[in-house]
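A structural walkthrough
Here is how the chains run, residue by residue.
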Amino acid sequence: MRGFSRAIAKIYHNEAGHNERKNPVHNLIRASFRGIAMEFLLDINDMHCRFDDTTVVDGLSLHMQPGCLACLLGPSGCGKTTVLRAIAGFQPIVSGEIKLNGRLVSSHNVQVPPEKRGLGMVFQDYALFPHLSVANNIGFGLRGKSVKERTRIADKLLELVGMESHGKRYPHELSGGQQQRIALARALAPKPGLLLLDEPFSNLDVELRERLATDVRAILKSQGTAALFVTHDQHEAFVMGERIGVMHQGRIRQWDTAINLYYEPAERFVADFIGQGRLIEGRMVNANSVQTPLGTIEVNRAYPWRDGTAVDVLLRPNDIVISRESNIRCRILDRAFKGADTLYTLALANGDDVLSLASSHQDYSVGQEIGVAVNAEHLIIFQR
Amino acid sequence: MTRSAAKSKAAKKAAQAGFVLDQQKNRLICEGDWTIDGVASLEKLLRRVHWPSTQRWVLDARGISRMDTVGAWLLYRIVMKIPGGESLLQQSELPSWQRSLLDLVIENASQGMKPPVEQKLNAFGRLGLSTVRMADEMLDMLRFIGETSFHLGILMLKPWRIRFRQIFRTIQMAGVNALLIVGLISFLMGVVIAYQGGMTLERFGANFLVVELVSLTMLREMSPLLAAIIVAGRTGSAYTAEIGTMQVTDEIDALRMLGITPIEMLVIPKVTALLIALPLLTVYADITGIFGGMVVARWQLDVGFYDFISRLPQAVSISPKSFWVGLIKAPVFAMIIAIIGCYRGFKVDGSSESVGRETTASVVASIFFVILIDAVFSILFTRIDW
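Rules of the game
- Residues numbered from 1 in each chain as written.
- Chains lettered and ligands numbered in written order.
- Predicted model: local features only at pLDDT ≥ 70, side-chain atom pairs only at ≥ 80, totals over all residues.
- Heavy atoms only, no water.
- Helix = DSSP H or I, 4+ residues; strand = E, 2+ residues; numbered from the N terminus.
- Rg over C-alpha atoms; globule rule 2.2 N^0.38 Å.
- Contact = heavy atoms within 4.5 Å.
- Areas by Shrake-Rupley, 256 points an atom, 1.4 Å probe, with all protein chains shown as cover.
- Nonpolar A, V, L, I, M, F, W, Y, C, P; charged D, E, K, R; others polar.
- Disulfide = S-S within 2.5 Å.
- Buried < 20%, exposed > 50% of the residue type's maximum accessible area, 1.4 Å probe, protein only.
- Core = buried A, V, L, I, M, F, W, Y, C linked by side-chain atoms within 4.5 Å.
- Pairing = 2+ DSSP bridges.
- Axes fitted to C-alpha atoms, helices over the stretch in contact; angles between N-to-C directions.

1. Brief notes about the overall build of chain B
Scanning chain B from N- to C-terminus turns up 14 helices and 3 strands. Taken over C-alpha atoms, the radius of gyration comes to 39 Å for chain B, far larger than the 21 Å a tight globule of 386 residues would show. For chain B, long-range pairs separated by at least 24 residues make up 80% of all intrachain contacts whose partners lie at least 6 apart in sequence. Entry remark: accessible area of chain B is about 21000 Å², with carbon and sulfur atoms responsible for 63%.

2. As for the interface of chain B and chain A
At the junction of the two partners, chain B supplies 26 residues and chain A supplies 30 residues. Contributing elements (two or more residues each) for the side of chain B that touches chain A: helix H6 (123–157), helix H10 (251–257) and helix H11 (262–300) of chain B. For the side of chain B that touches chain A, the element with the most residues is H10 of chain B, which contributes 6 residues. Tallied by class, residues from the side of chain B that touches chain A come to 12 nonpolar, 4 polar and 10 charged.

3. Examining the state of the cysteines
Among covalent bonds in proteins, the disulfide is the one between the sulfur atoms of two cysteines. All names here are of chain A. One pass over the full model with this rule turns up 0 disulfides over all chains. Unpaired in terms of disulfides, Cys68 finds its nearest cysteine sulfur in Cys71, a separation of 11 Å. The exposure class of Cys68 is buried, given its relative accessible area of 13%.

4. A short note on the nonpolar core
Grouped together as the largest cluster of nonpolar side chains are 83 residues, with contacts concentrated most on Leu42, Met47, Leu194, Leu196 and Leu228 of chain A together with Leu278 of chain B. Aside from chain neighbours lying at most four places away, what touches Leu278 of chain B is Ala227, Ala228, Val231, Ala330, Phe333, Ala334 and Ile337 of chain B. If you look at the next biggest cluster of nonpolar residues, it comprises 46 residues, including Val122, Leu195, Ile244 and Leu261 of chain A.

5. With respect to the sheet that holds strand E3 (residues 58–67) of chain B
All names here are of chain B. Taken together, 3 strands build an open sheet; the order of strands is E1-E2-E3 and the sheet is mixed. Unpaired on one side and paired on the other, strand E1 (18–22) and E3 mark the two borders of the sheet. Between one strand axis and the next, the sheet turns by 5 degrees as a mean value, whatever way the strands run.

As structure tokens, this is what we get:
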């Protein structure tokens, strides 16, 4: 009787496994390739998601190794949460496929339910069970384990998230940051291979946000748990993500480290979205220098365009320094005091404006003319 | 660099595409490489041009050195901005290699290029649309019933996974806590029936028939219906609100991420609890309802408690299965209320506003279906002569 019910459950829940058994030869080939295919923890190929008529995710591919901390970064409405929900199994996909540890969990005709995927998830508004104590919340996902074992694991995780003394409290008695720690502990309790975090810190104040992000990173690293999280805040992404995917209009525009995203943006959108900076007009003088309203700037690499090509040059606030000797004069349009530094908005001769970050030791006022020079190691140029 | 060398170098790369509108001769002159590499500049040019309003233009495409479908598509767009562009395209003499590309573009552009016009539906259209939506809803609900039945079956085979604590707690809330209100309303209903009917009976001197009147009405119809309606209002709505709120706070999703099927955890205990509680409430309503009739009979119709109770077995024996007729309906009503309550809860879309909307919908739908099924039962029981 039990065997029978288990068989039904298997057929019902695991269409993927069911399909696999169709063709023995196919199976054999698949088995022999599995060693290679297994190396990705998460493997998304050409995924499309649609709400009614709008395509939200448009041919997204993503691969994650075990133990990796990755981040999807993008403005709101770019489809990043949809991607996360598709991985979790809440969102059906129209085409493409999602594999977890080599096992097909989503495609146009397969959707393994979330409870059968063995993932963990931390939600934006924590989603703790309000009628359960903190310790019971953490132990909730540990069904089939003895009460003693559950308590032991809950205690261990409470210690890990630094809240040993709060086991008997209830969620509504905790602050937002504490609740998020508990939500993390609860998601980690069943030891998922991959943890999904949906805008985990967006309900917290800025200071707490960065501190918690650092803590969460350390906790995940100590556990060796891979995590994919979604945010619109680039500072958070820079703190947490070893790999960051910048998303725009349903696609990953660049999948790279934080430094590369900042200094080597692959396209205009990434350049614009990551960090502060302005694109100013320029013209290639030769393969490695460009003529701009701020003078001719040497480039640290050769660009393949013809001489005289109209280009846009990306200048970060720290690329532009104020220099008395310079004969390039700019008028200050605006200034924002930031403590150690002041951010100036400078008007160029051609009407464009650039940003400059300068030490606040010397203060200049709005309307004043100052000399500036470009001091850029990495200069990014896009063809106009 | 000599001039000729520069020219040959440029020739190897894409020559920029361009076009001129010669207003005097009414000629559209195109030149350059109309390929994906060459046409980038055209987009800017396109934005600046003042399009003519006069007819009878001539297309001069001899200057086009190379062309691909991107170029052909652009050429098509440019020509279509001129009045009578379509015929101009058809009539112009073009080299065959350009012509074939353009034909391909025209063929594809004519279909699906216009944005779909939102059609305003008339009354019939709207009726049809809401019918289709309703049918979808029904299908969705059937799916939910199927899923619930499936999990119910699984739990029958694995009884150790049943959450008895949840079930008992729900019985406490749905059943025990409802005793007062169900008892009171059913008592009052007994009073009303005895009063209304008894007055008429008194005119014929058939006072004692009030026993038949009250007992049969209560057993067959009134108590199952009353209990079900009160439970739908009290418990069905609570189910919707509870599950709906969990939906809003992402708790349902959190459950699933922890490997717990929400149906097993939330729906099954609720359905089971109501399956137990509602029949018990029905029997209880039978008793209080008949007691209400008894009180009226005693004070208004001169039928004493002793007479009433001693006549009761005889009264019920007119239609001996009356008690069962009422009781059989109770679990069916329980299923309807619990399933609709839970289903509506899962329908909540994440806003707190929709919790309220779905809760209302849940109560209305479950009372409607309870009465509908009650009518079906009436017909069925008459047919089998119960």
